[in-house]
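# Descriptive structure summary
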There are 2 protein chains.
Amino acid sequence: MNTVIDLISRMRELNGTLPKREQLVADFVLGNLDQIPFLSQHEIAKAADVSVATVNRFAMTTGCEGFRDFKIRLAQSVAVSQQYFDANGIDTSPAGQLVGKVFGTLSDTLGLARSQLEMQPVENAVDMLNGAQRIVFFGVGGSSANVAREAANRFFRLGIASEAHADGYVQRMLVSTLDKKDLVFAISSSGQPAELLDSVTIAKQYGVPTLSLTKAGSELAALTDLCIQLDLPEDPDIYKPSAQRLVYTAIIDVLAMGTARKRPDRVKENLRRIRTSLLPLSKDSGPRPIGD
Amino acid sequence: MNTVIDLISRMRELNGTLPKREQLVADFVLGNLDQIPFLSQHEIAKAADVSVATVNRFAMTTGCEGFRDFKIRLAQSVAVSQQYFDANGIDTSPAGQLVGKVFGTLSDTLGLARSQLEMQPVENAVDMLNGAQRIVFFGVGGSSANVAREAANRFFRLGIASEAHADGYVQRMLVSTLDKKDLVFAISSSGQPAELLDSVTIAKQYGVPTLSLTKAGSELAALTDLCIQLDLPEDPDIYKPSAQRLVYTAIIDVLAMGTARKRPDRVKENLRRIRTSLLPLSKDSGPRPIGD
DNA sequence: TCAATTATGTAAGTAACTTACATTTATTCC
DNA sequence: GGAATAAATGTAAGTTACTTACATAATTGA
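Because the structure is a prediction, the values reported are computed rather than measured.

### Topic: the protein's contact with DNA strand C
Looking at DNA strand C, there are 20 residues lining it, with R21, T54 and R57 of chain A together with Q41 and N56 of chain B nearest. Of all DNA strand C atoms lying within 4 Å of any protein atom, the proportion belonging to sugar or phosphate reaches 68%. Backbone polar atom of K20 of chain A to a phosphate oxygen of DNA strand C: 3.4 Å apart, as the coordinates give it. Contact distances for DNA strand C include 2.7 Å between a phosphate oxygen and a backbone N or O atom of R21 of chain A.

Listed below in structure tokens is the structure:
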């Protein structure tokens, strides 16, 4: 729902460029976002000390078809952007703020990723993954390495030989032993690490199919046979871990789910065996997430 | 925004229990969710072949104060529940469906986690983490192990000695060497793995503070000094990886961010050093996510 | 300074929602 | 089965809220 994000952003873009009276309306609206959808035009006009026609004009200025349209669209914007704050209003506790920010940014970044994702490369990637006899996931640099590890953790369950490597030396040695029935899947948020680019280049020289999940327009994106590419913003708050790696993990889940659905019988049997293998390791035999 | 989820759920609960004409309205509304907020009462009445007063009654039956209130609340419900589907309407491509499902479930699970999270244990956990001289993250079983690894990847940047271990043997040996200035942080979606419980028990015997992120009411939850506990549903679709581990990673991010904010100078300097250390490893020196 | 353009408010016009009441339908009780 | 009661329903009047028109005020540019 890009229309959802756009209305709050739109008002923020317009902020400071509006005629005097409309600016008063904008100030009031931006300062009372969650209540506005439930207020009448007259109530807003009174609170902002302007006429009702100015409120209507402001709604038109934002690109809506009128105040009615504005109210509905704002309700949607507010609902999405505030869904992780406390239901009783804005939670002012330090922890509440942290949760709202981390969860909200993740949600926004998921929305952005969704708008950027092209479905055809996703479907082609699922086909590549489903057709591979062995998948080698590569990632370097902490989080990307962990995403690669988690990818292997997902795909081994589907009955495809899957492994993950973060060590650049091992990566380049390993790709030298692969062939065209295998698949190299490189994961990197920046698309720039030299070691990763070298390993992928070597894989291609040996005719190994290559796939990547990385930054749009990067060297890695251009280098691999197929790329799922995204241009996600870096978080302005340096103290906050990037939402990007969680989005990458969710995309791995999309690919894993798509691949699983292409081989349901094998997957089901594997999951059953996995569950059985885990039974003796717990203090009781209650339900466990088989997707863990 | 639990009110957001409730209206669609509410209508689904009421489905089949309504008077005849109101049931026609419900059928039409549930079949055209994304358009309803932009239709008038009269338009809905005509489409459902009922009177306008019946549409108003239906709105009242759902618990709203009238049709105006209903429309706003429905706009919010729809915006949240459909935010990851294609902006042009429901995407019927296989990949679009996968993305919508994975992203949507993650968003729902984040919302559920938010409603369950208690802020006081989160703040206490941040204090424990900030006060530890060394943090040892434990997870077993694939994804929890990867969450633990990612946690260590987050916390080492804050200037706290941080490590992750998935091997039960190493875990129990290691906790035998810790003392009360250290912290054991156990991560498990089920809260039941015997090895993990044993290691935590040994840690406690040696007076090592213990923290966990795990299933509410589980043995691990009861065992540790402090627990961030959640009761998240297992996904009914066996082919889909669980959203839970992504939610757990997001909660680790909350804790990491909270801890970082308690030591801003140290963190800033560490992040600067980390970025500097990474510079020679890329094919160019463009911006990289420092949170990676 | 003046003319043209833009901004603004008031009030009339219109759309849409809410409420009242009469009629119809369904349920309950004898 | 029939009468009484309760619930459901539609029509239309009443009310609210939004939209539009127009006059006036303020701003901009030559």
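Anyway, onward from the coordinates.
### Re the interface of chain A and chain B
In this complex, chain A contributes 90 residues to the contact, which on the side of chain B involves 91 residues. Of the roughly 8,100 Å² buried between chain A and chain B on both sides combined, carbon and sulfur atoms contribute 64%. The tally of links between chain A and chain B comes to eight salt bridges. In this structure, the salt-bridge partner of D237 of chain B is R261 of chain A, at a minimum N-O distance of 2.9 Å.

### Let's talk about the packing of aromatic side chains
By the definition in use, this model includes 10 aromatic pairs over all chains. Ring geometry for Y84 of chain B versus F103 of chain B: centroids 5.8 Å apart, planes at 85°, classification edge-to-face. With Y84 of chain B in the loop between α5 (67-81) and α6 (94-116) and F103 of chain B in helix α6, the pair connects residues that are 19 residues apart, well separated along the chain. Classification of F103 of chain B by relative accessible area gives buried; the value is 0%. Between F137 of chain B and F155 of chain B, the aromatic rings sit 5.5 Å apart at their centres with planes inclined by 45°, giving tilted as the arrangement. Taken together, the residues F137 of chain B in strand β1 (residues 134-139) and F155 of chain B in helix α8 (residues 143-155) connect sequence positions 18 residues apart. As far as the burial class goes, F137 of chain B and F155 of chain B line up, both buried. One aromatic cluster is present, formed by F58, F67 and F70 of chain A through successive ring pairs.

### Quick look at the nonpolar core
Most often, soluble globular proteins have nonpolar side chains that are buried together. In terms of nonpolar packing, the biggest core is built from 100 residues, with F103, F155 and F185 of chain A together with F103, F155 and F185 of chain B touching the most fellow members. When neighbours within four sequence positions are excluded, F185 of chain B is seen to be in contact with L129, I135, V136, F137, F138, L211, S212, L213, I252 and L255 of chain B.

### Comments concerning the relation of the copies chain A and chain B
By a simple turn and slide, chain A fits onto chain B: the slide is 0.2 Å along the axis, the RMSD is 0.7 Å, and the turn is 180°. Accordingly, the operation relating the two chain copies is best matched by a two-fold axis. Both copies contact each other with a shared surface, as 100% of the interface residues of chain A are interface residues in chain B too.

Cut-off values and rules
- Residues numbered from 1 in each chain as written.
- Chains lettered and ligands numbered in written order.
- Predicted model: local features only at pLDDT ≥ 70, side-chain atom pairs only at ≥ 80, totals over all residues.
- Heavy atoms only, no water.
- Near = heavy atom within 4 Å.
- Polar contact = N/O pair within 3.5 Å; in protein donor to acceptor, adjacent residues only side chain to side chain.
- Contact = heavy atoms within 4.5 Å.
- Buried area = accessible area lost by both parts, 1.4 Å probe.
- Salt bridge = Lys/Arg side-chain N within 4 Å of Asp/Glu carboxyl O.
- Phe/Tyr/Trp six-rings, centres within 6.5 Å; stacked < 30°, edge-to-face > 60°.
- Helix = DSSP H or I, 4+ residues; strand = E, 2+ residues; numbered from the N terminus.
- Buried < 20%, exposed > 50% of the residue type's maximum accessible area, 1.4 Å probe, protein only.
- Core = buried A, V, L, I, M, F, W, Y, C linked by side-chain atoms within 4.5 Å.
- Least-squares fit on C-alpha atoms with pLDDT ≥ 70 in both.

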